[in-house]
Amino acid sequence: MKKVAFCTLGCKVNQYETNAMIEQFIKKGYEIVNFEEKADIYIINTCTVTNMADRKSRQMLRRVKEINSEALVVACGCYAQVAKEELEKIPEIDLIYGTNEKNKIANYIEEYIKNDAKGTDDAKENVPNASVTDVMYQKEFLDFGTTLYTEKTRAVIKVQDGCDRFCSYCIIPYARGHVRSRKPESVIEEIKKIAKEGIKEVVITGIHVASYGKDFKEDIGLIDLLEKVNEVEGIERIRLGSIEPTIITEEFLERLTKLEKICDHFHLSLQSGCDETLKRMNRRYTTEEFRKSTNLLKKAYPNASLTTDIIVGFPGETDEEFEKTYNFLKEIDFYKMHIFKYSQRKGTKAAVMPKQIDGNIKEQRSRRLIELSDQNEKRHNEKYIGKEVKVLFEEKEGDYIKGHTTNYMVVKVPYIEIENTIERVKIEKVENLELIGKCQKAKFI
């Protein structure tokens, strides 16, 4: 039995697609092993959202030969899609596949191995070592079918691919193509099968999930899909991936709040709290519009955790503009913020903008926002000391077992066997931005 190892970089969509690729190999009789173990084939599902992501992708690809010099090394995904020529220069890489090739990657690799074994030039030409089709011409959602290989307690469900926003800093539309939505019946079929496996939580995700349904002839949007998912028996929690703030309207929330399985954690990608910077980023909303969205959410979900992404050091960001962002973030009072230092991406408008920001300034601004994020998270967590919360327990960590609340706070209790169960926990203290408590099931309360 041949062994295959995977490494996933980047977003939840990549995580879903890796799970789907793993399932392809399992069906063909391969054994899936940890990435650090010796395998016959190593597949790195790459990310290209930042220069750091590119660098990490290259590092992981080069590391493989140190584990097994005879292994077949495969690069696939977003970085492979936009930088095929760059990856072809790395001698450790044997095969390169783009984002459109993932849904049949096991077949492609087997065909390559079969032809390579023949040893003739004609055979090798029949199956090239690089296959990257132009995703910009892809009009239909490439459906992997039902993917049952997932985490024990939470399943990521990909419902959408591509993005038509073309933010000035972002390479992802070129790596993923235009908006393509998955048929609702396909989504529901997969979730029903996931529920039968005992999975209690699904995460609805996509490259730009707020645009779900915009490519359909029928009038179907994200809220229509969520209403269908909410009806699936066995699923107890529905968590949304990153969503565009403009989707949050009174009408949307009126329907959303009727869905009892929706988790009160919302990740709204902001990127900047300054209107001038947002305009240069081509984000298509203002801080006032964003403020309105968050106020609606807080009113609809009083205990909601709001999280976001922020880019510091975008071209032209003055000290005054950064201070506007800092003050806006303090006002919105996010539970947690993911801070990124602006990274030039070749092929984007922002890469050639004037007034690129010095690395030291980016670092200083990043530290200030990380400090603010940590303060916010600690303060929000401390509000729960002495209170009772419901936790979906996921995995053992040392002497504890940990999981998440509906609003995505990390909670740990002394270990007992309660994986994949939702239990009531009374919070006693906060340690390292995590809530520590005792579980009713253990008769501690």
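Scroll up to find the structure this text is about.
Every value quoted in this text rests on a predicted model; they were computed, and no experiment measured them.

A. Molecular detail of the overall build of the protein. Across its full length, the protein carries 14 helices and 18 strands. Relative to a compact globule of 445 residues, whose C-alpha radius of gyration would be 22 Å, the protein shows 23 Å and is just as compact. Each principal axis of the C-alpha atoms in the protein carries an extent, and together these give about 70 × 60 × 45 Å. For the protein, long-range pairs separated by at least 24 residues make up 72% of all intrachain contacts whose partners lie at least 6 apart in sequence. Here the protein displays about 20900 Å² of accessible surface, and carbon together with sulfur accounts for 46% of that area. Positive and negative side-chain charges of the protein, numbering 74 and 75 respectively, have mean locations separated by a distance of 2 Å.

B. The arrangement of the environment of R368 in detail. Mapped onto the elements, R368 comes out in helix 14 (residues 359-382). A residue is classified by how much of its surface remains accessible, and R368, at 33% relative accessible area, is partly exposed. With 304 residues separating them in the primary sequence, R368 and V64 have C-alpha atoms 37 Å apart. When residues no more than four places from it in sequence are discounted, the contact partners of R368 are F322, E323 and Y326.

C. Highlighting the pairing of strand 13 (residues 336-341). Of the strand pairs in this sheet, strand 12 (residues 305-312) and strand 13 are connected by 6 bridges, and their pairing is parallel. Across the sheet, residue I311 finds its bridge partner in strand 13, namely F340. Chirality of the crossover, the property in question, places the unit of strand 12, helix 13 (residues 319-332) and strand 13 among those that are right-handed.

D. Fine view of the packing of helix 13 against helix 14. At a minimum axis separation of 11 Å, helix 13 and helix 14 run at an interaxial angle of 10°. Of the possible angle classes, the one that applies to helix 13 and helix 14 is roughly parallel. Contacts from D319, F322, E323, Y326, L329 and K330 in helix 13 reach R365, R368, L369 and L372 in helix 14.

E. Summary view of the packing of aromatic side chains. Within the structure shown, the criterion is met by 13 aromatic pairs. Judged by centre distance (6.0 Å) and plane angle (70°), the rings of F6 and F25 are edge-to-face. In this pair, F6 sits in strand 1 (residues 3-8) while F25 sits in helix 1 (residues 12-27), placing the two residues 19 residues apart along the sequence. This pair shows no difference in class: F6 is buried, exactly as F25 is. With a centroid separation of 5.6 Å and 85° between ring planes, the pair formed by F35 and Y42 is classed as edge-to-face. In this pair, the class of F35 matches that of Y42, namely buried. Linked through ring pairs, Y285, F290, F328 and F334 together constitute an aromatic cluster. Here the basic side chain of K396 rests over the ring of Y415, its NZ or CZ set 5.3 Å away from the ring centre. Directly above the ring of Y400 sits K412, whose terminal nitrogen or CZ lies 5.1 Å from the centroid.

F. Main features of the environment of Y326. Inspection of the secondary structure puts Y326 in helix 13. Residue Y326 is classed as buried on the basis of its relative accessible area, which comes to 15%. Note: C-alpha distance between Y326 and I93 (233 residues apart in sequence) is 43 Å. Other than its neighbours up to four places away in sequence, Y326 contacts R368, L369 and L372.

G. Inspection of the packing of helix 12 (residues 287-300) against helix 13 at higher detail. Where helix 12 meets helix 13, the closest approach of the two axes is 11 Å, and the angle between their N-to-C directions is 15°. When the axes of helix 12 and helix 13 are compared, the pair comes out roughly parallel. At the point where helix 12 passes helix 13, the crossing takes the right-handed sense. Of the residues in helix 13, those touching helix 12 at T287, F290, R291, T294 and K298 are F328, E331 and I332. Along the lines of polarity and charge, the residues of the contact of helix 12 with helix 13 split into 3 nonpolar, 2 polar and 3 charged.

H. Molecular detail of the environment of Q375. Topologically, Q375 is positioned in helix 14. Overall, the relative accessible area of 42% leaves Q375 in the partly exposed class. Between the alpha carbons of Q375 and L256 there is a distance of 30 Å; along the sequence they are 119 residues apart.

I. Seen up close, the nonpolar core. Of all hydrophobic cores here, the largest spans 54 residues; its most connected members are V202, I204 and L256. Sequence-distant contacts of L256, defined by excluding residues within four places in its chain, comprise I223, L226, I262, F266 and Y301. Ranked by size, the runner-up nonpolar core spans 24 residues in total, among them V33, Y42, A53 and A83.

J. Local environment of helix 12. Here helix 12 spans 20 Å end to end across 14 residues, near enough to the 20 Å set by a 1.5 Å rise per residue. Three or more residues of helix 12 are buried, namely T287, F290, S293, T294, L296 and L297. Of the surrounding secondary structure, the elements contacted by the buried residues of helix 12 are helix 10 (250-256), strand 11 (265-267), helix 11 (275-281), strand 12 and helix 13.

Reading the values: the criteria
- Residues numbered from 1 in each chain as written.
- Predicted model: local features only at pLDDT ≥ 70, side-chain atom pairs only at ≥ 80, totals over all residues.
- Heavy atoms only, no water.
- Helix = DSSP H or I, 4+ residues; strand = E, 2+ residues; numbered from the N terminus.
- Rg over C-alpha atoms; globule rule 2.2 N^0.38 Å.
- Contact = heavy atoms within 4.5 Å.
- Areas by Shrake-Rupley, 256 points an atom, 1.4 Å probe, with all protein chains shown as cover.
- Lys, Arg positive; Asp, Glu negative; His and termini not counted.
- Charge placed at Lys NZ, Arg CZ, Asp CG, Glu CD.
- Buried < 20%, exposed > 50% of the residue type's maximum accessible area, 1.4 Å probe, protein only.
- Pairing = 2+ DSSP bridges.
- Right-handed = clockwise from strand over helix to strand, strands pointing away.
- Axes fitted to C-alpha atoms, helices over the stretch in contact; angles between N-to-C directions.
- Parallel < 35°, antiparallel > 145°, perpendicular 65-115°, else oblique.
- Phe/Tyr/Trp six-rings, centres within 6.5 Å; stacked < 30°, edge-to-face > 60°.
- Lys NZ or Arg CZ within 6 Å of the ring centre and 35° of its normal.
- Left-handed = near helix turned anticlockwise from the far one by under 90°.
- Nonpolar A, V, L, I, M, F, W, Y, C, P; charged D, E, K, R; others polar.
- Core = buried A, V, L, I, M, F, W, Y, C linked by side-chain atoms within 4.5 Å.
- Expected span 1.5 Å × (residues − 1).

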